Amino acid sequence: MAQEAQIPFQWQDETVIEVRSDEDIARIEEIFDPLLEASDGEAVRAPLHAVVFVDSVASLKKAVSQFGSFGDEVTTFEFRFTAPVDNSEEEIHLHQVEGVKARLILSGVGDKPVPVSLLRFDLRADVIQLENLAWIGGSLPMSYVRAEVGQYLEMHNVTVSDNRYNFDQEPDASPMFSVKPSPQAEKILVSFDAVRFVRNQVHSLVNVLRRDGSEVRVKDVVFADNVCFPGPCEFSGTEK
């Protein structure tokens, strides 16, 4: 992906496998199984970057099932959105198992961010990347993304616009994007690059829970015509 050059945490020896058939899953197993057998009970992952493709609610559910099946066998698992998906049924939990460093990517394909309106994610990994996605026109009082990271989180080329909460009915609504370090993390790096928050009327936009030594980097971030209550309409953060 284009943003790889900017990211300080990488696995250079990964092999990319685009999962389009059972044969692709078999390739993952062929690489992972010998490593598991030789691990003597230790946690292990194959140096693979698995990509699953999402273009509908049905394919999203299939991708989540695949993550549950072999997500803990690869060092990187990517959900690649090739078309807009709109679904508010439930929060999607994607938790990488601890033990060996792992990366989780949610990306959109195309010249502009792919709408994933109303999709809500609960994410957990050492490295989390959100790339080329758009949350537009939502009305839920819950966070769109709750992320717990061990090292690094990046939002790149993301649009968040025209989302509205009912302030009177939802006074305890959550920030739209909430980031915190995992329990074992000493410090984290959070990067926002080319992110746009426009015309949102919500509780608050972004909250980052920091520990000593944690860092937040901001580049080309736009806040325009947002109304927030009771939280701030830019970045907020708390120390832990």
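Below or above, wherever it landed, is the structure these notes cover. Going along each chain's sequence as written, the residues are numbered from 1 onward. Given that this is a predicted model, residues contribute local features only at a pLDDT of at least 70 and side-chain atom pairs are listed and counted only at 80 or more, while totals for whole chains, interfaces and linings are drawn from all residues. Excluded from the side-chain calculations are hydrogens and water; all other atoms, namely the structure's heavy atoms, are used.

## Section: the overall build of the chain
Numbering of helices and strands runs from the N terminus, with a helix taken as a DSSP run of H or I at least four residues long and a strand as a DSSP run of E at least two residues long. Secondary structure assignment for the chain yields two helices and 16 strands. Note that the radius of gyration is over C-alpha atoms, with the globule rule given as 2.2 Å times the number of residues to the power 0.38. Taken over the C-alpha trace, the chain has a radius of gyration of 18 Å; the compact-globule value for 240 residues is 18 Å, and the two agree within 12%. If you line up the chain on its principal axes, its C-alpha atoms span 55 × 40 × 30 Å. Partly exposed describes any residue whose relative accessible area lies between the buried limit of under 20% and the exposed limit of over 50%, with all areas from a 1.4 Å probe on protein chains only and scaled to the type maximum. Across the 240 residues that make up the chain, the buried fraction comes to 52%. By definition in these notes, contact holds between two residues if any of their heavy atoms fall within 4.5 Å. Nonlocal contacts in the chain, meaning residues at least 24 apart in sequence, comprise 78% of its contacts between residues at least 6 apart. For the chain, the exposed area adds up to about 11,200 Å²; of that, 47% sits on carbon and sulfur atoms. Working definition of accessibility: Shrake-Rupley area with a 1.4 Å probe, residue cover restricted to the visible protein chains.

## Considering the nonpolar core
Soluble globular proteins tend to bury their nonpolar side chains together. Among the buried residues, those of types Ala, Val, Leu, Ile, Met, Phe, Trp, Tyr and Cys that are joined through side-chain atoms within 4.5 Å form a nonpolar core. Core analysis: the largest hydrophobic core is formed by 60 residues, its most contacted members being Phe 79, Phe 81, Leu 123, Trp 135 and Phe 177. Considering every element that reaches this core, the biggest residue donor is strand 9 (residues 145-161), with seven residues. In this view, Phe 177 contacts Trp 135, Tyr 144, Val 145, Met 155, Val 160, Phe 197, Leu 205, Val 206 and Asn 207; residues no more than four positions away in its chain are not counted.

## Comments concerning helix 1 (residues 22-37)
Given 3.6 residues to a turn, an α-helix orients residues that are three or four positions apart in the same direction. Expected helix span is given by 1.5 Å per residue-to-residue step, counting one fewer step than there are residues. Its 16 residues give helix 1 an end-to-end C-alpha distance of 22 Å, which sits within 8% of 22 Å, the value for a rise of 1.5 Å per residue. Those residues of helix 1 that fall on the buried side of the exposure criterion are Asp 24, Ile 28 and Phe 32. Looking at the buried residues of helix 1, the elements they touch are strand 1 (15-18), strand 2 (46-54), helix 2 (57-70) and strand 3 (74-81).

## Remarks on the state of the cysteines
By convention in this document, the label disulfide applies to cysteine sulfur atom pairs within 2.5 Å. Taken as a whole and judged by the stated rule, the model has one disulfide. Across the disulfide, Cys 228 is cross-linked to Cys 233 (sulfur-sulfur distance 2.1 Å). Across the S-S bond of Cys 228 and Cys 233 the torsion is about 105 degrees, and the bridge reads as right-handed.

## As for helix 2
Between its first and last C-alpha, helix 2 extends 20 Å over 14 residues, near the 20 Å set by a 1.5 Å rise per residue. Every buried residue of helix 2 is listed here: Ser 59, Leu 60, Ala 63, Gln 66, Phe 67 and Phe 70. On an axial view of helix 2, the arc spanned by its buried residues comes to 120 degrees, and they lie on one face. Summarising the geometry of helix 2, the exposed residues directed more than 90 degrees from the buried face are Ala 58, Lys 62, Ser 65 and Gly 68. Contacts made by the buried residues of helix 2 are with helix 1, strand 2, strand 3, strand 4 (92-95) and strand 5 (103-108). Note that the arc is computed from the directions linking the helix axis to the C-beta atoms.

Purely spatial values, then, with no claim about function.
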